[in-house]
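Structural features, examined
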Amino acid sequence: MADTYEFLNCPACGTPMKKVFLEKQGFIIDVCLDGCGGIWFDNRELSKVDEKTEDISDLSAAYAGKTFHRVEREQDRDCPVCHKKMVKNCASAKQEITVDECYQCGGKFFDYNELEILRNQYDSDEDRIADIKKIAKDSVKMEVILNKLMHKDDMI
Ligand SMILES: [Zn+2]
Ligand SMILES: [Zn+2]
């Protein structure tokens, strides 16, 4: 989805978000600089900033010297673009952080600091893929165990 040029209201705190141009990536993100510090990514933008090696110094510069108020992270939030209720999903295989995702437009909202946590989870794309593969293997094992349990029930 292309960048939206209207100002979006932060899905977490309602404050109008600011546009931050990430020069290295060549696109604009919406950041709640006057409120909670949360970040809105349009569909597919996230994959260009989620690695530690990807330069987001423009975002760090925008954040510099600001303090942000806390928001309730568990509450349901509406997409700032489509105004549909978003779904909470884990941002990576490690499942350390939950982000709000809009299934209609593919946009994602990160609370303050969550992007930083995501970026520091893996040293490289290879590590990330290896981890996802490991989890997939574990869930196959899980299925085998569950199947066994179900058959036990059949016998009783
Ligand atoms: Zn906010
Ligand atoms: Zn949406």
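Anything mentioned here points back to the structure above.
As a starting point, this report considers the structure included with it.

**Things to note about the overall build of the chain**
A tally of regular secondary structure across the chain gives three helices and six strands. Walking the chain from its N terminus toward its C terminus, one meets helices and strands in the order β-β-β-α-β-β-β-α-α. Taking the principal axes of the C-alpha coordinates as reference, the chain spans close to 60 × 35 × 30 Å. For the chain, the proportion of its 156 residues judged to be buried stands at 38%. The long-range fraction of contacts in the chain, counting pairs at least 24 apart against all pairs at least 6 apart in sequence, stands at 52%. Per element, the accessible surface of the chain, about 9500 Å² overall, is 52% carbon and sulfur. Distance between charge centroids for the chain: 2 Å, based on 23 positive and 31 negative side chains.

**Regarding the coordination of the zinc ion (ligand 2)**
Six octahedral donors at a metal ideally form angles of 90 or 180 degrees, and four tetrahedral donors ideally form angles of 109.5 degrees. Taken together, the protein ligands of the zinc ion (ligand 2) are Cys 79 (SG), Cys 82 (SG), Cys 102 (SG) and Cys 105 (SG), with distances of 2.2 to 2.3 Å. For the zinc ion (ligand 2), the four donor atoms in the first shell make angles of 105 to 114° at the metal, a pattern classed as tetrahedral. Sequence spacing of the donors to the zinc ion (ligand 2): C-x2-C-x19-C-x2-C. Separated by 23 residues along the polypeptide, Cys 79 in the loop between α1 (57-63) and β4 (87-90) and Cys 102 in the loop between β5 (98-101) and β6 (108-110) bring together distant segments of the chain. Neither residue differs from the other here; Cys 79 and Cys 102 are each classed as buried.

**Some words on the pattern of salt bridges**
Counted according to the given criterion, the structure contains ten salt bridges. With a closest N to O distance of 3.9 Å, Asp 111 and Arg 73 form a salt bridge. Taken as a pair, Asp 111 in the loop between β6 and α2 (114-119) and Arg 73 in the loop between α1 and β4 lie far apart in primary sequence, 38 residues in all. Using a relative accessible area of 3% as the deciding quantity, one classes Asp 111 as buried. By relative accessible area, which is 37% here, Arg 73 ends up partly exposed. Of the charged contacts, one joins Glu 101 and Lys 108 as a salt bridge, the two residues approaching to 3.9 Å between their closest N and O atoms. Judged by relative accessible area, which is 17%, Glu 101 ranks as buried. Put simply, Arg 73, Arg 77, Lys 88, Asp 100, Asp 111 and Glu 114 are held in one network by salt bridges that share partners.

**Things to note about the sheet that holds β6**
The strand order across the open sheet built from six strands is β1-β2-β3-β6-β5-β4, with neighbouring strands paired in antiparallel fashion. Strand pairing shows two members of the sheet lacking a second neighbour, β1 (18-22) and β4, which therefore form its edges. Averaged over all pairs of adjacent strands, the angle between their axes in this sheet comes to 35°, without regard to strand direction. One ladder, built from three bridges, connects strand β3 (residues 39-41) with β6; its direction is antiparallel. Directly across from Trp 40, in β6, lies its bridge partner Phe 109.

The rules behind each value
Residues numbered from 1 in each chain as written. Chains lettered and ligands numbered in written order. Predicted model: local features only at pLDDT ≥ 70, side-chain atom pairs only at ≥ 80, totals over all residues. Heavy atoms only, no water. Helix = DSSP H or I, 4+ residues; strand = E, 2+ residues; numbered from the N terminus. Buried < 20%, exposed > 50% of the residue type's maximum accessible area, 1.4 Å probe, protein only. Contact = heavy atoms within 4.5 Å. Areas by Shrake-Rupley, 256 points an atom, 1.4 Å probe, with all protein chains shown as cover. Lys, Arg positive; Asp, Glu negative; His and termini not counted. Charge placed at Lys NZ, Arg CZ, Asp CG, Glu CD. Donors = N, O, S within 2.8 Å, 3.2 Å for Na, K, Ca; no water. Tetrahedral: all angles 85-135°; square planar, octahedral: opposite > 155°, others 65-115°. Salt bridge = Lys/Arg side-chain N within 4 Å of Asp/Glu carboxyl O. Pairing = 2+ DSSP bridges. Axes fitted to C-alpha atoms, helices over the stretch in contact; angles between N-to-C directions.

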